[in-house]
Amino acid sequence: MRNVLTIFRRELTGYFTTPLAYVFIVIFLALAGILTFFVGNFFERGQADLQPFFNFHPWLFVVLIPALSMRLWAEERKSGTIELFLTLPIRMTEAVIGKFLAAWCFAGIALALTFPFWITVNFLGQPDNGVILASYIASWLMAGAMLAVGACVSAITKNQVIAFVVTAALVFVFTAAGSSIVLGVFEGWAPEWLTHGIAQMSFLGHFSAITRGVIDMRDLVYFLSIIIAFLGANAILVDLKKAE
Amino acid sequence: MLEIRHLVKSFGSLLAVDDVSFTVSQGEVLGFLGPNGAGKSTTMKMITGFLAPTAGTAVICGHDIGAHPIAAKRHIGYLPEGAPAYPDMTPADFLDFIAHIRGFAGSEAKRRIARVAEMIRIADVMHQPIETLSKGYKRRVGVAQALLHDPDVMILDEPTDGLDPNQKYEMRKIITAMRLQKAIIISTHLLEEVEAVCNRAIIVARGRVLADGTPAELARRSRHHNAVRVSMAGLADPNIRADLAALPGIAAVEQVSDPEGDALLVLPRGGRPVIAEIADLARERGWTLAGLRVERGRLDDVFREITAAGAEPGPVAAAA
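Residues numbered from 1 in each chain as written. Chains lettered and ligands numbered in written order. Predicted model: local features only at pLDDT ≥ 70, side-chain atom pairs only at ≥ 80, totals over all residues. Heavy atoms only, no water.

What to know about the overall build of chain A
Threshold: Strands are runs of DSSP state E lasting at least two residues, helices are runs of H or I lasting at least four, and both sets are numbered from the N terminus onward. Only C-alpha atoms enter the radius of gyration; for comparison, a globular chain is expected to reach 2.2 Å times N to the power 0.38, where N is the number of residues. Classification of residues uses two cut-offs on accessible area relative to the type maximum, computed with a 1.4 Å probe and protein chains only: under 20% is buried, over 50% is exposed, and between them is partly exposed. In this count, Lys and Arg are taken as positive residues and Asp and Glu as negative ones, while His and the chain termini are left out. The atom standing in for a charge is NZ when the residue is Lys, CZ when it is Arg, CG when it is Asp and CD when it is Glu.
A count of helical and extended segments in chain A gives 14 helices and zero strands. Across chain A, helices and strands are ordered from the amino to the carboxyl terminus as α-α-α-α-α-α-α-α-α-α-α-α-α-α. Radius of gyration (C-alpha) of chain A: 19 Å, near the 18 Å computed for a compact globule of 244 residues. Principal-axis analysis of the C-alpha atoms gives chain A an extent of 60 × 50 × 30 Å. Taking all 244 residues of chain A together, the buried fraction comes to 52%. The averaged location of the 14 negative side-chain charges in chain A is 10 Å from the averaged location of its 14 positive side-chain charges.

Right, here's the structure in full:
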């Protein structure tokens with residue numbers, strides 16, 4: 001556990017020693033603002049809630065979250081530090097969890113920095129702050145699931161650009177799994193249980209469920225199992241690919 | 001302290017390491033020699049637990065690296081090839097991270113970092129990002145990292161590769177300074193390095209151990225061991241060569257021409273000392289000698305002969 005914390009601390013400060021952290025946060029806040037106020041018609045709706053803000057999160061994350069996860073393992077493999085890192089007296093699970101938690105915590109910091117939206121909406125009216133809190137939790141859980149997918153992809157390649165593109169494609173499919181874009185591929189020939197199952201795997205479906213204000217156990221379990229499954233795969237892939 | 005038992009590693013059909021066994025005890029600095037691609041780095045990666053061996057294992061201070069990797073890794077200080085370190089971090093932060101992973105915190109971590117920083121002489125660059133440091137400093141940061149927990153076993157993969165002569169000298173001094181308490185393995189392809197710091201050498205090629213002994217023992221295998229280098233005026237005279245060759249126990253007499261000048265090299269049979277006979281002969285014939293020197297043997301000859309087995313063992317000295 002202490003090792004997880006040590007690795008977590010190194011990784012998290014690693015984000016802030018490069019411009020990545022600042023660029024990421026600025027772009028994230030700017031895009032969130034533009035989408036909420038201009039595309040989401042925040043003011044014209046005349047409702048005191050943050051729904052237009054949260055509605056864009058899945059699509060914003062599809063583009064931005066891979067930028068956080070791409071470096072996790074690809075950079076270690078590219079620079080050779082993985083050989084140093086994995087010959088330290090640590091367990092693979094500690095390494096995987098420490099890195100993931102750092103990225104997840106960073107995503108949490110970026111989310112927390114959107115607090116001016118929350119202040120604005122509270123200033124303008126009386127929103128249901130319970131729903132807003134639930135939505136933040138949903139957003140953070142979804143970010144975690146996407147980061148786990150990204151960490152896993154980052155373990156397969158030395159090239160961060162490839163890690164970014166592949167992760168973006170994968171999390172897009174996961175996000176859109178319930179939509180006609182993805183389901184259309186399966187409809188007509190695949191058995192109904194399969195199409196149904198794929199629709200159930202959608203990030204968007206589970207995300208929207210929580211943003212309605214009810215944290216259902218099933219949605220929670222869904223995101224946590226995605227995280228655990230991909231981190232497990234991550235550990236196996238690092239072990240397989242580390243020496244290449 | 002370190003026992004390597006029948007290590008084997010294959011990558012697909014390629015056998016990179018083929019049944020390598022040896023032990024290293026405290027006080028030994030083992031030079032791990034071999035041409036590029038001989039399996040040196042692969043062996044070190046298996047000893048340090050980075051790669052899982054196809055067969056065999058390494059036991060570090062009683063801990064099997066396969067069965068108890070964490071316990072074994074605690075006793076190892078490892079400098080991977082190229083001394084990788086996180087480029088964005090400063091040596092101070094980097095060593096602090098390593099200290100915490102190694103289980104030191106607070107003042108104990110500070111004390112240990114200060115100690116290695118002074119020992120390895122990196123105190124003046126502690127707060128510059130590692131990516132801005134010179135190669136020599138980067139390599140030193142790598143060694144500092146490996147030394148922080150005062151390990152019993154140190155494994156250094158090409159610790160002086162790419163360093164300038166002064167830095168090499170410094171690095172060798174560091175290694176020599178800590179050898180008494182530790183078992184150290186250094187991989188290298190620089191033979192001068194083996195002679196400078198190692199008290200034992202292993203030569204590997206194509207994944208196999210081909211020789212194991214002190215540098216002096218290995219040099220003794222050279223055909224130049226106890227050869228006598230004779231320099232004098234008129235050594236082109238065939239009579240002189242014939243006289244020398246007629247002495248008992250002489251295998252060959254070769255004329256050499258190298259930066260040191262022209263000379264005759266008298267190669268004894270079986271490495272027997274022959275200088276007394278040659279000196280007597282010179283006195284008898286009234287030769288005016290300019291120099292007479294016994295060769296200890298050349299590690300690079302031995303290295304070449306051993307690692308190039310199967311290739312033509314042609315006359316080396318004449319060509320040189």
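Re the pairing of strand 6 (residues 76-79) of chain B
All names here are of chain B. For clarity, the threshold we go by: We treat two strands as partners when DSSP finds at least two bridges between them.
Burial along strand 6 is two-sided: I76 and Y78 facing one way and G77 and L79 facing the other are all buried. Pairing of strand 6 with strand 7 (residues 153-157), which is carried by four bridges, proceeds in the parallel orientation. Residue pairing in the sheet places I76 in a bridge with V153 of strand 7.

Quick look at the environment of Q126 of chain A
Checked against the element boundaries, Q126 of chain A lands in the loop between helix 8 (115-124) and helix 9 (129-154). The spatial distance from the C-alpha of Q126 of chain A to the C-alpha of E75 of chain A is 46 Å, given a sequence separation of 51 residues.

Details of the confidence of the model for chain A
Operational definition: Per residue, pLDDT measures the predictor's confidence, with a range of 0 to 100.
When the pLDDT values of chain A are averaged, the result is 91; 100% of them are 70 or greater. Taken element by element, chain A is modelled with least confidence in helix 11 (residues 180-186) of chain A, mean pLDDT 79, and with most confidence in helix 7 (residues 92-112) of chain A, mean pLDDT 96.

As for the interface of chain A and chain B
Operational definition: Contacts are assigned to residue pairs with any non-hydrogen atoms lying within 4.5 Å of each other. Here's the idea: put two parts together, see how much 1.4 Å probe accessible area each one loses, and the total over both is what we call buried area. Any Lys or Arg side-chain nitrogen located within 4 Å of an Asp or Glu carboxyl oxygen qualifies as a salt bridge. Identification of polar contacts relies on pairs of N or O atoms within 3.5 Å, with a donor-acceptor requirement for protein atoms, meaning one able to donate a hydrogen and the other able to accept it, and with residues adjacent in sequence counted only if both atoms are side-chain atoms.
Listed per partner, the contact involves 24 residues of chain A and 24 residues of chain B. Between chain A and chain B, roughly 2400 Å² of surface is buried when both sides are summed, and carbon and sulfur atoms account for 67% of that area. Three residues, E83, L84 and P89 of chain A, lead the burial of chain A against chain B; their summed loss comes to 29% of the area buried on that side. Scanning the region where chain A abuts chain B turns up two salt bridges. In this structure, D96 of chain B and R9 of chain A form a salt bridge, with 3.7 Å as the shortest nitrogen-oxygen distance. Run the count over chain A and chain B and you get four residue pairs in polar contact (both at pLDDT 80 or more). Where the side of chain A that touches chain B is concerned, the elements lending two or more residues are helix 1 (2-17), helix 5 (71-79) and helix 6 (81-85) of chain A. Among the elements that line the side of chain A that touches chain B, the one with the most residues is helix 1 of chain A, at seven residues.

A word on the pairing of strand 3 (residues 29-33) of chain B
Residue and element names in this part refer to chain B. With five of five residues buried, strand 3 is to be regarded as a mostly interior element. On strand 3, burial covers both faces: V29, G31 and L33 on one face and L30 and F32 on the other are all buried. Summarising the sheet, strand 3 and strand 8 (residues 183-188) pair through five bridges and their orientation is parallel. Looking at strand 8, one finds that L33 is bridged to T188. Sheet analysis places strand 3 next to strand 9 (residues 200-205), joined by four bridges and oriented parallel. Residue pairing for strand 9: F32 is matched across the bridge by I202.

What about the sheet that holds strand 10 (residues 208-213) of chain B?
All names here are of chain B. For clarity, the threshold we go by: To obtain an axis, a line is fitted to C-alpha atoms, over the contacting stretch when the element is a helix, and the angle between two such axes runs from 0 to 180 degrees between their N-to-C directions.
On the basis of which strands lie adjacent, the open sheet formed by six strands has the order 6-7-8-3-9-10 and mixed pairing. At either end of the open sheet lies a strand with only one pairing partner, and these are strand 6 and strand 10. Between one strand and the next, the sheet's axes are offset by a mean angle of 15°, whatever the strand orientation. Bridge count between strand 7 and strand 8: five bridges; the pairing is parallel. Across the sheet, the residue bridging to M154 is I184, located in strand 8. Packing against the sheet, helix 1 (residues 40-47) makes contact with strand 3, strand 6, strand 7, strand 8 and strand 9, and its axis sits at approximately 150° to strand 8. Across the sheet, helix 11 (residues 299-307) lies against strand 3, strand 9 and strand 10, angled at about 35° from strand 9, the strand it touches most.

Brief notes about the environment of L68 of chain A
All names here are of chain A. Here L68 is to be found in helix 4 (residues 57-69). Each C-alpha atom of the pair L68 and F106 lies 8.5 Å from the other, and the pair is 38 residues apart in sequence. In contact with L68, not counting residues within four places along its chain, are Y15, F24, A103, F106, A107 and L147.

Some thoughts on the packing of helix 9 of chain A against helix 10 (residues 160-175) of chain A
Residue and element names in this part refer to chain A. Which entries qualify depends on this criterion: Handedness of a crossing is defined here by the sense of rotation of the near helix relative to the far one, left-handed for an anticlockwise turn of less than a right angle and right-handed for a clockwise turn. Residues are sorted three ways: Asp, Glu, Lys and Arg are charged, Ala, Val, Leu, Ile, Met, Phe, Trp, Tyr, Cys and Pro are nonpolar, and all the rest, Gly among them, are polar.
The interhelical angle for the contact between helix 9 and helix 10, taken along N-to-C directions, is 145°, at an axis separation of 9 Å. In this structure, helix 9 crosses over helix 10, and the sense of that crossing is right-handed. Residues M146, V149, G150, V153 and S154 of helix 9 touch helix 10, and the partners they reach there are A163, V166, T167, L170, V171 and T175. When its residues are assigned to classes, the contact of helix 9 with helix 10 shows seven nonpolar, four polar and no charged.

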